[in-house]
Amino acid sequence: MEIDRTIHSASFGELDAATLYALLKLRTDVFVVEQGDPYPELDGRDTEPGTVHLWMARGSDLIAYLRILDEPDGAARIGRVVVAADARGNGLAGDLMSAALDMIGNRRCVLEAQTPLTQFYARYGFVPTGPEYDEGGIRHIPMARDR
């Protein structure tokens, strides 16, 4: 089935139960099962008033996702960037990043990149802002984009 490159967005309250289940399943399948990191996937931030969920689908399957959070200092935070294993290599994460950054506009934006993906985020203007650290056995580095 062909990938629908339509980017959907919703606040937590606008998500229907099936979409919420699909996005949580995708995140858990990749971050917890595939990457073997049993961290608290449900961190309470999905439900915050300013959170925006962005996703793409193939038929009824949610195959790419990220969320935008409001930070206390006024910055936006991009997180939980994920693409299903069988949909990788199609530019979906890049499409979601571009859409997210269009929504964020000129606000400062931060993220915690898995270290092997720093060059991916650098293409969108992100630069490292601190030392590399270990999160559940996966190396990360904080990054920011100032606009």
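Residues numbered from 1 in each chain as written. Predicted model: local features only at pLDDT ≥ 70, side-chain atom pairs only at ≥ 80, totals over all residues. Heavy atoms only, no water.

Draft legend 1. How the structure looks around the pairing of strand E8 (residues 138-145). Along E8, 7 of the 8 residues are buried, which leaves the element largely enclosed by surrounding structure. Pairing of strand E5 (residues 109-114) with E8 involves 6 bridges; the strand directions are antiparallel. Across the sheet, Ala113 pairs through a bridge with Ile141, a residue of E8. Two elements, strand E6 (residues 127-128) and E8, share 2 bridges in a ladder whose sense is antiparallel. When the bridges of E8 are listed, Pro128 appears paired with Met143. Here strand E7 (residues 133-135) folds back onto E8, and the loop between the two strands holds 2 residues, one of which, Gly136, carries a positive phi near 65°. (Buried < 20%, exposed > 50% of the residue type's maximum accessible area, 1.4 Å probe, protein only. Helix = DSSP H or I, 4+ residues; strand = E, 2+ residues; numbered from the N terminus. Pairing = 2+ DSSP bridges.)

Draft legend 2. Quick look at the nonpolar core. Counting 39 residues, the largest nonpolar core has Leu66, Ile78, Leu92, Met97, Leu101, Tyr121 and Phe126 as its most contacted members. Looking at this core, the elements that each hand over two or more residues are helix H1 (17-34), strand E2 (52-58), strand E3 (61-70), strand E4 (76-83), helix H2 (92-104), E5, helix H3 (118-122) and E8. The element contributing the most residues to this core is H2, with 7 residues. Setting aside anything within four residues of it in sequence, one finds Leu101 in contact with Ile78, Cys109, Tyr124, Phe126 and Arg145. (Core = buried A, V, L, I, M, F, W, Y, C linked by side-chain atoms within 4.5 Å. Contact = heavy atoms within 4.5 Å.)

Draft legend 3. Spatial organisation of the pairing of E3. Of all the 10 residues making up E3, 8 are buried; the element is thus mostly covered by neighbouring parts of the structure. The pairing of E2 with E3 spans 7 bridges and is antiparallel. Following the sheet pairing, Leu54 is matched in E3 by Leu66. Hairpin connection of E2 to E3: 2 residues between the antiparallel strands, including Gly59 at a positive phi of 65°. When E3 meets E4, the two strands line up antiparallel, connected through 6 bridges. Its bridge partner being in E4, Arg67 is matched across the sheet by Gly79. Taking the residues that link successive antiparallel strands as the turn, the E3-E4 hairpin has 5 residues, and the phi of Gly74 there is positive, at about 95°.

Draft legend 4. Region of interest: the pattern of salt bridges. As enumerated under the stated definition, the model contains 15 salt bridges in all. In this structure, the salt-bridge partner of Arg67 is Asp46, at a minimum N-O distance of 2.8 Å. Of this pair, Arg67 sits in strand E3 while Asp46 sits in the loop between H1 and E2, placing them 21 residues apart in sequence. The residues Arg67 and Asp46 share a single accessibility class, namely buried. Here Arg58 makes a salt bridge to Asp86, at a shortest N to O gap of 2.9 Å. Here Arg58 is found in strand E2, whereas its partner Asp86 is found in the loop between E4 and H2, with 28 residues between them in sequence. (Salt bridge = Lys/Arg side-chain N within 4 Å of Asp/Glu carboxyl O.)

Nothing here speaks to function; it is all geometry.
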